[in-house]
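# Overview (structure and organization)
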Protein chains: 2
Amino acid sequence: MDALNEAILTRGKGIGSDIVKVDSFLNHRIDVALATRMGQAFHDAFADAQVDLILTVESSGIATAITTAQAFGNIPVVFAKKGDPATMDPNAYTAQVYSFTHKKLNCVRVSRQYLEKGMRVLIIDDFLANGEAVEGLRNILEQAGCECVGAGICVEKGFQPGGAKLREQGIKVVSLAIVDAIEDGHIILRNQD
Amino acid sequence: MDALNEAILTRGKGIGSDIVKVDSFLNHRIDVALATRMGQAFHDAFADAQVDLILTVESSGIATAITTAQAFGNIPVVFAKKGDPATMDPNAYTAQVYSFTHKKLNCVRVSRQYLEKGMRVLIIDDFLANGEAVEGLRNILEQAGCECVGAGICVEKGFQPGGAKLREQGIKVVSLAIVDAIEDGHIILRNQD
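Residue indices begin from 1 for each chain and proceed along its sequence in written order. As they are written, the chains are lettered A onward and the ligands numbered 1 onward, keeping that order. The model is predicted, so local features are restricted to residues of pLDDT at least 70 and side-chain atom pairs to those at 80 or more, both for listing and for counting; the totals for chains, interfaces and linings are taken over all residues. Side-chain metrics rest on all non-hydrogen atoms present in the structure, leaving aside hydrogens and water.

### A short note on the interface of chain B and chain A
To keep it simple, the criterion reads: Residues count as neighbours in contact if any of their non-hydrogen atoms are within 4.5 Å of one another. Two parts placed together each lose some accessible area under a 1.4 Å probe, and the buried area is that loss summed for both. We define a salt bridge as a contact between a side-chain nitrogen of Lys or Arg and a carboxyl oxygen of Asp or Glu at a distance within 4 Å. Polar contact is the term for a pair of N or O atoms within 3.5 Å; when the atoms are in protein, one must be able to donate a hydrogen and the other to accept it, and sequence-neighboring residues count only if both atoms are side-chain atoms. Helical segments are the DSSP runs of H or I of at least four residues, strand segments are the runs of E of at least two, and each set is numbered from the N terminus. In the scheme used here, Gly and all other residues not listed as nonpolar or charged are polar, with Ala, Val, Leu, Ile, Met, Phe, Trp, Tyr, Cys and Pro taken as nonpolar and Asp, Glu, Lys and Arg as charged. Criterion used throughout: strands pair if DSSP finds at least two bridges between them.
Contacts between chain B and chain A engage 39 residues on the former and 39 residues on the latter. Where chain B abuts chain A, roughly 3,300 Å² becomes buried across the two surfaces, and 62% of that area is made up of carbon and sulfur atoms. Ranking the residues of chain B by area buried against chain A places H28, V32 and Y114 of chain B at the top, with a combined share of 21%. Here chain B and chain A share zero salt bridges between them. At the surface where chain B touches chain A, the tally comes to 18 residue pairs in polar contact (both at pLDDT 80 or more). Going through the elements one at a time, β2 (19-21), β3 (29-30), α2 (32-45), α3 (62-71), β5 (77-82) and β7 (104-111) of chain B are the ones with two or more residues in the side of chain B that touches chain A. Top contributing element to the side of chain B that touches chain A by residue count: α3 of chain B, with six residues. Residues belonging to the side of chain B that touches chain A are distributed by class as follows: 19 nonpolar, 13 polar and seven charged. The pairing of strand β5 (residues 77-82) of chain A with β3 of chain B spans two bridges and is antiparallel. Within the sheet, the bridge partner assigned to V78 of chain A lies in β3 of chain B and is R29 of chain B.

### Some details on helix α1 (residues 2-11) of chain A
An α-helical turn contains 3.6 residues, so a residue and the one three or four places further along point in the same direction. Put simply, the rule is: Only protein chains enter the area calculation, which uses a 1.4 Å probe; residues under 20% of their type maximum are buried, those over 50% are exposed, and those in between are partly exposed.
Three or more residues of α1 of chain A are buried, namely A3, L4, N5, A7 and I8 of chain A. In this structure, the buried residues of α1 of chain A make contact with α2 (32-45), β9 (147-157), β10 (173-183) and β11 (186-189) of chain A.

### Digging into the relation of the copies chain B and chain A
So the rule is basically this: Here the copies are matched by least squares. The fit uses the C-alpha atoms of residues with pLDDT of at least 70 in both.
Its rotation angle being 180 degrees, the transformation that places chain B on chain A also includes 0.0 Å of axial translation and leaves an RMSD of 0.0 Å. In symmetry terms, the pair is related by a two-fold rotation axis. Rotation axis and chain B: the residue whose C-alpha lies nearest the axis is S59 of chain B, separated from it by 2.6 Å. By residue overlap, the copies meet face to face through one surface: 100% of the interface positions of chain B are interface positions in chain A.

### Section: helix α4 (residues 132-144) of chain B
All names here are of chain B. Basically, it comes down to this: A helix is expected to span 1.5 Å for every residue after the first.
The first and last C-alpha atoms of α4 sit 19 Å apart over 13 residues, in line with the 18 Å expected at 1.5 Å per residue. Looking only at α4, the buried set comprises V134, G136, L137, R138, I140, L141 and A144. Just past α4, the residue G145 takes up positive phi, approximately 75 degrees.

### Considerations on the packing of helix α1 (residues 2-11) of chain B against α2 of chain B
Residue and element names in this part refer to chain B. As a reminder, the rule being used: In this description, a line fitted to the C-alpha atoms serves as the axis of each element, helices being fitted only across the stretch in contact, and the angle between N-to-C directions of two axes falls anywhere from 0 to 180 degrees.
It is at 10 Å that the axes of α1 and α2 come closest, and there the two elements cross at 145 degrees. When α1 is examined against α2, the residues A3, L4, A7 and R11 are found in contact with a partner set consisting of L34, R37 and M38. Across the contact of α1 with α2, the residue classes break down as five nonpolar, no polar and two charged.

### Overview of the packing of aromatic side chains
Counted only if it meets this: By convention, a stacked pair of Phe, Tyr or Trp rings (six-membered ring in the case of Trp) has centres within 6.5 Å and planes under 30 degrees apart, an edge-to-face pair has planes over 60 apart, and any other such pair is tilted. Distance and angle both matter: a charge sits over a ring if NZ of Lys or CZ of Arg is within 6 Å of the ring centre and within 35 degrees of the ring normal.
With the rule as written, the count across this model stands at zero aromatic pairs over all chains. Just above the ring of F46 of chain A sits the side chain of K172 of chain A; from NZ or CZ to the centre is 4.6 Å.

### Remarks on the nonpolar core
What counts here: Remark: nonpolar core denotes a set of buried residues (Ala, Val, Leu, Ile, Met, Phe, Trp, Tyr, Cys) joined through side-chain atoms within 4.5 Å.
Counting residues in each nonpolar core, the largest one holds 80 residues, and the members touching the most others are L4, I8, V51 and I54 of chain A together with L4, V51 and I54 of chain B. Among the elements that make up this core, the one with the highest residue count is α2 of chain A (six residues). V51 of chain B has contacts with F46, F72, I75, R120, L122 and V149 of chain B, leaving out every residue within four places of it along the chain.

Next up, the structure:
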């Protein structure tokens, strides 16, 4: 997606060999016009998938999940929660997700009542690296008897194994931008045309 | 706001004397049409405030922050982060916020580069109870030399002191719904007309 690629190149930052810092427009400060266009792009990619619900995980996936849901005509969003808040329904589907960014194992959970058997669910997330978050959400969807129609990812790290792993399993993964490498602070993007 | 009041009464749940559970439409599963209307309502309430930026705190404030920013013509959103992720800029404004829900002290932080001196900032959050989150965000805005034009809150717990405390300080607080009490599981809403 041209607008996202341009934002990554002009406003993103490559750090070391594997960190793509995009918190100036994606996951700390949010460029809302860009988020809205990304939601439209995810809609266009999954327009024929009869999506009932968008599933993401807090926090950085929420913005694009909302704009995607809007593009689908205001279908509901559910965001999986991490940890164990006091107000959380104990009757929840849970999965373990290792966060390489935060270097810890998170428990993600979705209240059972918000996933109905047979629902067609599109997973949205800001990043795909090792695929842990998407795998955790798919695990939850399987427990609920929902069908995962695919995953819409803002930025895929093409040099990490998550995308290949998911596609090998037959999952439709649509990444609006794919970073192939970070070299001397420069972000190298894959040409997806 | 009628649509939100109705959602609280028909889809919310009062638990004990102080928990308003609205995770069926506000902070776990999100009713995106309602979120979009709430964003419009916040815009209407602060239309004359020359808002440059929306500030919220992860995670539950993000959805409404996005829809509010859209209503203002796609101004940027910044969400304060909790804790200390590895990719977080160490050069950040920070404030301590006690979460009564999670019963712990959070450090919330905003990277310095995303708050410019003189910016007019509208705080958006899903809940206002003791006012800790809004106070923490105001503290950060003060450090940055930004002006807080007010706070837009989806659900205020009118029986807890946050709203009164902020209004006494001259802060414009706009709450789309105010819960006055929870009695035998019934949520009693304030009539704001």
